[in-house]
Amino acid sequence: MVSAPLVIPSLKENPKFFTMSEVNPQLVKALREKTNAGMMDCKRALEEANSDPEKAETILRTKGIAGAAKKATRATKEGIVAAYIHLQGKVGVLVEVNCETDFVAKNDNFREFVKDITLHIAAAHPLYVTRDQVPAAQIDREKEIYRGQVKGKPANITEKIVEGKLEKFFSTVCLLDQAFIKNPDVTIHDLINSKITELGENMVIRRFTRYMVGEEGAA
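Cut-offs used in this document
Residues numbered from 1 in each chain as written. Predicted model: local features only at pLDDT ≥ 70, side-chain atom pairs only at ≥ 80, totals over all residues. Heavy atoms only, no water. Helix = DSSP H or I, 4+ residues; strand = E, 2+ residues; numbered from the N terminus. Expected span 1.5 Å × (residues − 1). Contact = heavy atoms within 4.5 Å. Buried < 20%, exposed > 50% of the residue type's maximum accessible area, 1.4 Å probe, protein only. Lys, Arg positive; Asp, Glu negative; His and termini not counted. Salt bridge = Lys/Arg side-chain N within 4 Å of Asp/Glu carboxyl O. Polar contact = N/O pair within 3.5 Å; in protein donor to acceptor, adjacent residues only side chain to side chain. Pairing = 2+ DSSP bridges. Axes fitted to C-alpha atoms, helices over the stretch in contact; angles between N-to-C directions. Phe/Tyr/Trp six-rings, centres within 6.5 Å; stacked < 30°, edge-to-face > 60°.

A.B. asks: Please clarify how helix α7 (residues 136-149) should be interpreted in this entry.
C.D. replies: End to end, α7 covers 20 Å across 14 residues, agreeing with the expected 20 Å (1.5 Å per residue, within 8%). Contacts made by the buried residues of α7 are with α8 (155-173).

Right, dumping it as structure tokens:
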């Protein structure tokens, strides 16, 4: 089935529609409506494609995001809980990864994917699964710190810098935003999407716990 072309204003008709440094929200909205991918996925794809919608759609499809997004609303009530012990018992990880059917839960490909997730958590030490789980108070504190680091700059420049630093913060503490340790060119979010496309079922990293000997609490 051939997708309908994405209709947007041409560069000649509206030279301000495309920018190299900032993606126009209308373009993000149009790509999201066409592919059903998430807003941030569309924005990143457009940034990578220098605001070329066709290239951005190709990027989404290559990463499996466009196909995976269509399965994102499906219930995930099966799956497995996996454990990993690292550094001769110094670090331990428990993670629950869900899928749609018991058939996929028993699939070697799915189990290898879950194993990769436990290895990644042990090495990268995320604190949350998604950025939605980061407490609002913590985000506010981070923003205040970043604003203090760029005092004296115009307000619009300050907010762009703060936004950039906040994205970096999320990529450090949020599992789905982290670069995969085995392939830093893709995030864990990208990896999940590729597996959803490959195995044909929705998948969700539900929760995890990481333990380290001598560490206060666990995350």
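A.B. asks: I keep staring at the side chain of R210 and nothing clicks. Help me out?
C.D. replies: Topologically, R210 is positioned in strand β5 (residues 204-212). As a buried residue without a salt bridge, R210 has its nearest oppositely charged side chain in E215, at a separation of 4.2 Å. For R210, the side chain forms a polar contact with the main-chain oxygen of I121, separated by 3.2 Å.

A.B. asks: When you look at the sheet that holds strand β1 (residues 78-86) in this model, what are you seeing that I'm missing?
C.D. replies: Backbone-to-backbone hydrogen bonds pair the strands of a sheet. The strands run either parallel or antiparallel. With antiparallel pairing, the three strands of this open sheet are ordered in space as β1-β2-β5. What marks the edges here is a single partner per strand, and that holds for β1 and β5. Averaged over neighbouring strand pairs, the angle between their axes works out to 10 degrees when direction is ignored. The pairing of strand β2 (residues 91-99) with β5 spans eight bridges and is antiparallel. Among the inter-strand pairings, V93 is bridged to a residue of β5, identified as R210. Here helix α6 (residues 108-124) sits on the sheet and contacts β1, β2 and β5; the angle it forms with β2, its principal contact strand, is near 140 degrees.

A.B. asks: What's the story with α6 in this structure? I'm lost.
C.D. replies: One full turn of an α-helix is made of 3.6 residues, so residues set three or four places apart face in the same direction. Over its 17 residues, α6 runs 24 Å from end to end, which matches the ideal 24 Å to within 8%, given 1.5 Å per residue. Inspection of α6 places F110, F113, V114, D116, I117, T118, L119, H120, I121 and A122 among the buried residues, and these make up the whole buried set. Among the structural elements, β1, β2, α5 (102-105), β3 (179-180), α9 (188-199) and β5 are those in contact with the buried residues of α6.

A.B. asks: Mind showing me how you'd approach the pairing of β2 here?
C.D. replies: Walk down a regular strand and you will see the side chains alternate between the two sheet faces. With eight of nine residues buried, β2 is to be regarded as a mostly interior element. In this structure, β1 lies alongside β2, joined through nine bridges in antiparallel fashion. Considered in β2, the bridge of E78 is made with C99. Between the end of β1 and the start of β2, which pair antiparallel, lie four residues, with L87 showing a positive phi angle near 55 degrees.

A.B. asks: Honestly, the packing of aromatic side chains in this entry has me stumped. Any pointers?
C.D. replies: The relative placement of two aromatic rings is captured by the distance of their centres and the angle of their planes. Applying the stated criterion to the full structure yields two aromatic pairs. Judged by centre distance (6.4 Å) and plane angle (50 degrees), the rings of F110 and F113 are tilted. One end of the pair is F110 and the other is F113, both in helix α6 and three residues apart, which spans about a single turn. Note on F169 and F170: the rings are 5.8 Å apart at their centroids and 50 degrees apart in plane angle, and the pair reads as tilted. Both residues of the pair, F169 and F170, count as buried.

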